[in-house]
Structure formats: C-alpha cells, structure tokens
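This is what each chain is made of:
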Amino acid sequence: MNQESTEPTYIALEDAAKELGVNRSTMYYYTKQLTIETKKFPLDKRTYISRADLDRIKSARQSASDRRH
C-alpha cells in the first residue's frame, strides 16, 4: 500500500536563503515578520523551515515587489 506522507517537507534555512538570493540573517527576519515556525532535528545543527513556509516568503516578497512598482 502506498501512503502519501502528511509530514511537511523541510528545507534548511541556508538552502532557502540561497534559493531566494538573500543571506541567512534576512531569512531570520522573514521568519520573525511572517511568524514562521523554525524546526531543528536531533543531531543536526541546522535550522529548517517547511517548504510551504518558503512559498509564503516567496509570495510575500512578490507582493512587496508589486507594490513598489
């Protein structure tokens, strides 16, 4: 039986920053401003956010960009 996972997929904050073309401190700013929950996994020092939250950040950035033009 093939079951789809309901667990969200996570991306490391550093990788998300690279994908968006920003630095890590900007990512922390986004997580605070958009009330995004970060996650840490056992035995891993990195901080993660969900892919859905990364999409929220992308949407917020696009909206902000549209308002400026």
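Relevant structure appears above.
Reading guide: rules and limits
- Counting of residues starts from 1 at the beginning of each chain's written sequence and follows it residue by residue.
- Restriction of local features to residues with pLDDT of at least 70 applies here, the model being predicted, together with a cutoff of 80 or more for giving and counting side-chain atom pairs; totals for whole chains, interfaces and linings are based on all residues.
- Water and hydrogen atoms play no part in the side-chain values, which are based on all heavy atoms of the structure.
- Note on exposure labels: buried denotes an accessible area under 20% of the residue type's maximum, exposed denotes more than 50%, and partly exposed covers the range between, all computed with a 1.4 Å probe on protein chains only.
- By the criteria applied, helices consist of DSSP H or I runs no shorter than four residues and strands consist of E runs no shorter than two, each listed in order from the N terminus.
- This arc is taken over the directions from the axis of the helix to the C-beta atoms.
- Working rule for contacts: check all heavy atoms of both residues, and any pair within 4.5 Å makes them a contact.
- Here an axis means a line fitted to C-alpha atoms, over the contact stretch when the element is a helix, while the angle between two N-to-C directions is reported on a 0 to 180 degree scale.
- Left-handed describes a crossing in which the near helix is turned anticlockwise from the far one by less than a right angle; the clockwise case is right-handed.
- Amino acids are sorted into nonpolar (Ala, Val, Leu, Ile, Met, Phe, Trp, Tyr, Cys and Pro), charged (Asp, Glu, Lys and Arg) and polar (every other residue, Gly among them).
- Salt bridges, as used here, are contacts in which a Lys or Arg side-chain nitrogen is within 4 Å of a carboxyl oxygen on Asp or Glu.

Draft legend 1. Focus on helix H1 (residues 13-20). If you check which residues of H1 are buried, you get Leu13, Ala16, Ala17 and Leu20. Angular distribution of buried residues about the axis of H1 spans 100°; they occupy a single face of the element. Glycine 21, located one to two residues past H1, shows a positive phi value of around 75°.

Draft legend 2. A look at the side chain of aspartate 53. Along the chain, the position of aspartate 53 falls in helix H3 (residues 51-68). Apart from residues lying up to four places away in sequence, aspartate 53 is in contact with Ile36 and Glu37.

Draft legend 3. Examining the side chain of serine 50 more closely. For serine 50, the position within the fold is in strand S2 (residues 48-50). Dropping the residues within four chain positions of it, serine 50 is found in contact with Pro8, Thr9 and Tyr10.

Draft legend 4. Quick peek at the packing of H1 against H3. Interhelical geometry of H1 versus H3 gives an angle of 30° and a closest axis separation of 11 Å. Judged by the twist between their axes, the crossing of H1 over H3 is right-handed. Contacts between H1 and H3 pair Ala16, Glu19 and Leu20 from the former with Arg51, Leu54, Ile57, Lys58 and Arg61 from the latter. Grouping the amino acids of the contact of H1 with H3 by side-chain chemistry returns four nonpolar, no polar and four charged.

Draft legend 5. Inspection of the pattern of salt bridges at higher detail. All told, the structure shown has five salt bridges when counted by the stated rule. Its salt-bridge partner being lysine 58, residue glutamate 19 comes within 2.7 Å of it at the nearest N-O pair. With a gap of 39 residues between them, glutamate 19 in helix H1 and lysine 58 in helix H3 connect regions that are remote in the sequence. Judged by relative accessible area, which is 34%, lysine 58 ranks as partly exposed. The partner of aspartate 53 in a salt bridge is arginine 56, with the nearest N and O atoms 3.2 Å apart. Separated by three residues within a single helix, aspartate 53 and arginine 56 lie in helix H3, roughly one turn from each other. Taken together, the salt bridges that share partners define one network made up of Glu19, Arg51 and Lys58.

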